[in-house]
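# Working through the structure, step by step
Each chain, written out:
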Amino acid sequence: MTAEILRQQIEKIVKLTDVEFYFVLSHFSAKSFKKHQYIVQAGYAAPNDHFVVKGLLRSFYLDESGKTHILQFAMEDWWISDPQAYHNSEAATLNIDCLEDTQVYVISLENREKLCADSRKMEYFFRKKTQAGYIALQKRIQSLMSQSAKERYDQFVHLYPQLSQRLPKVQIASYLGISRETLSRMADS
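Residues numbered from 1 in each chain as written. Predicted model: local features only at pLDDT ≥ 70, side-chain atom pairs only at ≥ 80, totals over all residues. Heavy atoms only, no water.

## Concerning the overall build of the chain
For the chain, the helix and strand inventory stands at 9 helices and 8 strands. Its C-alpha atoms give the chain a radius of gyration of 17 Å, near enough to 16 Å, the size a compact globule of 189 residues would have. With the C-alpha coordinates aligned to their principal axes, the bounding extent of the chain is approximately 55 × 35 × 30 Å. Considering only residue pairs separated by 6 or more positions, the chain has 67% of its internal contacts joining residues 24 or more positions apart. Of the roughly 10700 Å² of accessible surface on the chain, a fraction of 52% belongs to carbon and sulfur atoms. Charge centroids of the chain, computed over 24 positive and 22 negative side chains, lie 4 Å from each other. (Helix = DSSP H or I, 4+ residues; strand = E, 2+ residues; numbered from the N terminus. Rg over C-alpha atoms; globule rule 2.2 N^0.38 Å. Contact = heavy atoms within 4.5 Å. Areas by Shrake-Rupley, 256 points an atom, 1.4 Å probe, with all protein chains shown as cover. Lys, Arg positive; Asp, Glu negative; His and termini not counted. Charge placed at Lys NZ, Arg CZ, Asp CG, Glu CD.)

## Overview of the environment of Leu-137
By the element assignment, Leu-137 lies in helix α5 (residues 120-146). As for Leu-137 and Val-19, which are separated by 118 residues in sequence, their C-alpha atoms are 34 Å apart.

## Some thoughts on the pattern of salt bridges
Opposite charge on two side chains permits pairing when their charged atoms draw close. Inspection of every chain in the model, using the stated rule, returns 11 salt bridges. Note that Asp-49 is salt-bridged to Arg-112, the shortest N-O span being 3.6 Å. Of the two residues, Asp-49 is situated in strand β3 (residues 48-54) and Arg-112 in helix α4 (residues 109-118); the sequence distance between them amounts to 63 residues. The partner of Arg-166 in a salt bridge is Glu-100, and the shortest N-O contact between them spans 2.7 Å. (Salt bridge = Lys/Arg side-chain N within 4 Å of Asp/Glu carboxyl O.)

Encoded structure:
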């Protein structure tokens, strides 16, 4: 697995020398997962944040009736975890599974804290990534609260054209909070 994609991700925010990058990389572990494999399960520890090198994942929870609610997708060059479980060392409330065979770099909270303590650049990088995540979450909540199903679908296709090609309609519908039938009508019109 090439570490170059991780370096490119970091260097969108901070530039690193080769020595600095290899120090950063020493805090990560490379892992591979098969399609349908869970990397986080509700009720269990979620000790790692995952940077996707190859593949596609989703985070979701099941409500009391067993309905799936998708919170996030993650493809190449994206991060995914259960933030509450990861940052608070609590049991996960979300599930994360692989929608395709997946390769990730993972970093434990302990290693992330050590890395941030030793590298101001990486502390800045993780702060900027966290801020971007909060902003994206705010936009998603506002979209769910104020936009029609059609507007949410159009926005999803506009923002994530690659995802709309890789995901089955049932997954997109769950993410948008609509039925598959409603999505099919909108997509076909």
